[in-house]
Amino acid sequence: MNVTQPFYTFPAPAKLNLFLHIVGQRADGYHELETLFQFLDYGDSIDIACNTSGDINLLTPIAGVENKDNLMIKAAILLQQYANCRLGADLKIAKILPMGGGLGGGSSNAATVLLALNLLWKLNLPISTLAQLGLTLGADVPIFIHGYAAFARGIGENLSAVQPQEYWYLVAKPNVHISTAAVFNDPELPRNTKKITNNSVDIDSCHNDCETLVIKRYPEVAKLLTWLIEYAPSRMTGTGACIFSRFNSKKEALHIQSKLPRGVESFVAQGINQSILQVQLAKITEELIPK
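Throughout what follows, the structure given in this document is the object of discussion. Quantities reported herein were computed from a predicted structural model and do not represent experimental measurements.

What follows covers the overall build of the protein. Counting secondary structure elements, the protein contains nine helices and ten strands. Relative to the globule expectation of 19 Å for 291 residues, the C-alpha radius of gyration of the protein, 19 Å, shows essentially globular dimensions. The proportion of buried residues among the 291 residues of the protein is 52%. Of the contacts made within the protein by residues no fewer than 6 positions apart, 77% connect residues no fewer than 24 positions apart. Summed over all atoms, the accessible surface of the protein reaches about 13700 Å², with 51% contributed by carbon and sulfur. One way to put it: in the protein the 24 positive side-chain charges average out to a point 2 Å from where the 25 negative ones average out.

Every buried residue of helix α7 (residues 219-228) is accounted for by Val221, Leu224, Leu225 and Leu228. Projection of α7 onto a plane perpendicular to its axis shows the buried side chains occupying an angular sector of 100 degrees, all on one side. Of the exposed residues in α7, the ones pointing more than 90 degrees away from its buried face are Pro219, Lys223 and Thr226. On its buried face, α7 sits against β7 (168-173), α6 (211-217), β8 (234-236) and β9 (243-247).

A word on the pattern of salt bridges. Should their charged atoms come close, side chains of opposite charge can pair. Counted by the stated rule, this structure contains nine salt bridges. One salt bridge in this structure joins Lys15 and Asp140, with 3.8 Å as the shortest N-O distance. Here Asp140 lies in the loop between α3 (127-135) and α4 (141-146) and Lys15 lies in strand β1 (residues 8-25), a separation of 125 residues in the sequence. Classification of Asp140 by relative accessible area gives partly exposed; the value is 22%. The residue Arg26 makes a salt bridge to Asp28 at a minimum N-O spacing of 2.8 Å.

Thresholds, definitions, all that
All residue numbers refer to position in the chain's written sequence, counted from 1. Given that the model is predicted, a residue must reach a pLDDT of at least 70 before its local features are reported, and side-chain atom pairs must reach 80 or more before they are shown or counted; all residues, however, enter totals for whole chains, interfaces and linings. Side-chain metrics in this entry use all non-hydrogen atoms of the structure; hydrogen atoms and water are not considered. The helix count covers DSSP runs of H or I at least four residues long, the strand count covers runs of E at least two residues long, and both are numbered beginning at the N terminus. As defined in this context, the radius of gyration uses C-alpha atoms, and a globule is described by 2.2 Å times the residue total to the power 0.38. Residue exposure (1.4 Å probe, protein chains only): buried if accessible area is under 20% of the type maximum, exposed if over 50%, otherwise partly exposed. Contact between two residues is taken to exist if any of their heavy atoms lie within 4.5 Å; hydrogens are not considered. Note on areas: Shrake-Rupley with a 1.4 Å probe; residue coverage comes only from the protein chains shown. Positive charges come from Lys and Arg alone, negative charges from Asp and Glu alone, with His and the N- and C-terminal ends not counted. The atom standing in for a charge is NZ when the residue is Lys, CZ when it is Arg, CG when it is Asp and CD when it is Glu. The directions from the helix axis to the C-beta atoms are what the arc is built from. For this analysis, a salt bridge means a side-chain nitrogen from Lys or Arg found within 4 Å of a carboxyl oxygen belonging to Asp or Glu.

This is the structure in structure tokens:
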């Protein structure tokens, strides 16, 4: 008989690449990166309940994404097999992060599932192990596992904690979907930016190596970036298509959001140096520990 436990809610926050330098390419085809990750207090929300059937069920399928390709399902099965766990899980997601936006939505979803099921299944695997598992699902998954703002090297897995200023951001998405693989495979992508020698980074002196290529290939991105840069320092995150504009206050960000051209998808959120997922995990851990 299948017994389902109560649902617990876990956030899956967005991230920004405050800059993204491509400093080389490895023999296996992966790119060597330098980037600064910061989280946003905004993202998807995933409800998770254990079951005794051993099945992994996504109760809210995502349009256009087959279950077998969904990173949440992949993460749950990967953890289940690694830990030889006989329990299963029922998953529900409230999806608000755009796909193909450069905000790490899929990676964040995978990380949330790994961390949440490690807790709910009582596996007690260390963060380092979960990060290694996550890396097999995507280069951005480890940053969401660790949950702190970081300067990342390698393919994004070598992390050094940093404390960038927690500005307010207007995040706007042109009406275009950009393939990360297409950007990284493009022969015109710069791959030789000089490496940064320490972690004391002046973000304003850095850039996003993908941005010039993307605005050349996607006029919708070029048009929106040109518009936003008139109002605030603005830059593309990841391989796009989202652009983030930096403000000192929520009020300023909301004001410019109200002026955006019609039809542009957007939200306002604060940059944060600790993931909201870590806060929720701590709360649920307290609930589950017998008094």
